[in-house]
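# A structural walkthrough
Here is what each chain is made of, one letter per residue.
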Amino acid sequence: MAMTRLTQRKFKAICFYIFSWVFVSMCATALSMYGTNQEIDTTRLIFMLQLSLFTGLSHGIYDVVILQDEMDSRPVVAALLIRSWFFMASICANMALCILIWDIDNSEGLINAAAMQHIVEFFKLHDNQVLVFSLFLLGHLITFVRSVHKKFGSRVFVNTLLGKYQDAVEEDLIFMFIDLKSSTTICEELGNIKYSNFIRDYYKLLSNCCEENHGEIYQIAGDGAFLTWKTSACRHKARPLNCFFDFKECLAHTRSRFLRRYGIAPDFKAAAHCGKVIATEVGNFGSEMAYHGDVLNTTARIQTLCSKLGQDFLISEDLFAKLPLPLPHKFLCTKCGLFELRGKKNGTLIFSLQMPEA
């Protein structure tokens, strides 16, 4: 049976931790042996490979399964202390497990006197104590990298590391602007603090749907968010439409939870458009990614037509021409007409997409 997108996302996250631990551990081990005029210690390499696999798996399970791959809601100091304790316990336990596996005795089994004595002697050595502390720091480093990766998305994160956006780069992208319906009314009814929790839960679901459909959240401004995809990645799979459909389904499934917690269930309207924009880093201190071009303004102005036309999802002719047919999820497409958008010299042909009745 095929994995759901949620399972795939969690599996990819766990693989990220395992790969990170293996890659960094093996690089550090090879570097420590470089220039020592000694033969490569294959036993040590295999031991470190085994240890990094176990530790990476433990780290992944803690972050993805226990913390649900979300921000730790505990106070910063408490979260840091608990995570530090986990890393230290996990590293020591995995080291002990690796030694037990290496010293396994067919007659006495996994746990035997010789193996237990080996574990005690192992942790007494100064070099191994340094190794434990080094791996402890490595765990926090990987957590930090993962947090930055989640914040910026895979494409922006990698390209920023490579310095791609230090100079302006032209890219062909799809933008989808999603806007929460009746946000002002909801805010007045809930009050600032409760509305903040409401909008946080709403965006948490949106970010999950966006990630599962290989998109990125470019910008969140109040009750609206810009999502983006590379146009070339959507020619054979209508990812923006899949994201819209999944988010609608997700809100339908969590409706009772929102009603129970806030007395109000969220709904949204959206618009999508595509075209070429300039991508670059702006600012010196606290710099961030920015997209410059008419595409974003056009997308936002198409979205303002949703209320006027009584539709939840509008797209431009430019985007419709690049979507693969037939449209996914049996979307019904209707031509709404040519509209003069503010700031545009020529009219823009708009299409509405309706989800089929359940």
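So, a few notes on the structure that sits alongside this text. In this text, all values refer to a predicted model and were calculated from it rather than measured experimentally. (Residues numbered from 1 in each chain as written. Predicted model: local features only at pLDDT ≥ 70, side-chain atom pairs only at ≥ 80, totals over all residues. Heavy atoms only, no water.)

With an omega dihedral of 0 degrees, the bond running from Leu325 to Pro326 counts as a cis peptide bond. Considering the arrangement of structural elements, one finds Pro326 in the loop between α13 (317-320) and β7 (332-339). The backbone phi angle of His214 is positive, close to 60 degrees, even though this residue is not glycine. Position of His214 among the secondary structure elements: in the loop between α8 (192-212) and β2 (216-221). For His214, a relative accessible area of 47% translates into the label partly exposed. (Helix = DSSP H or I, 4+ residues; strand = E, 2+ residues; numbered from the N terminus. Buried < 20%, exposed > 50% of the residue type's maximum accessible area, 1.4 Å probe, protein only.)

Among the nonpolar cores identified, the biggest contains 44 residues, and Met176, Ile178, Tyr202, Leu227, Phe247 and Phe313 are the most heavily contacted of them. A per-element tally of this core places α8 first, with nine residues. Once residues within four sequence positions are removed from consideration, Met176 is found in contact with Ala225, Phe226, Leu227, Trp229, Pro240, Cys243, Phe244, Ala270, Ala271, Ala272, Thr299 and Phe313. Ranked by size, the runner-up nonpolar core spans 26 residues in total, among them Leu51, Phe86, Ala96 and Leu138. (Core = buried A, V, L, I, M, F, W, Y, C linked by side-chain atoms within 4.5 Å. Contact = heavy atoms within 4.5 Å.)

Turning our eyes to something else, we now look at the packing of aromatic side chains. Taken as a whole, this structure holds 25 aromatic pairs when the rule is applied. Plain terms: the ring middles of Phe175 and Tyr291 are 5.5 Å apart, the flat faces sit at 75 degrees to each other, and that makes the pair edge-to-face. Residue Phe175 is located in strand β1 (residues 169-180), and its partner Tyr291 is located in strand β5 (residues 288-292); the two are separated by 116 residues in the primary sequence. As far as burial versus exposure is concerned, Phe175 and Tyr291 are alike and both buried. Both rings, one in Phe198 and one in Phe258, keep their centres 5.5 Å apart while their planes meet at 75 degrees; by these two values the pair is edge-to-face. Of this pair, Phe198 sits in helix α8 while Phe258 sits in helix α10 (residues 255-262), placing them 60 residues apart in sequence. (Phe/Tyr/Trp six-rings, centres within 6.5 Å; stacked < 30°, edge-to-face > 60°.)

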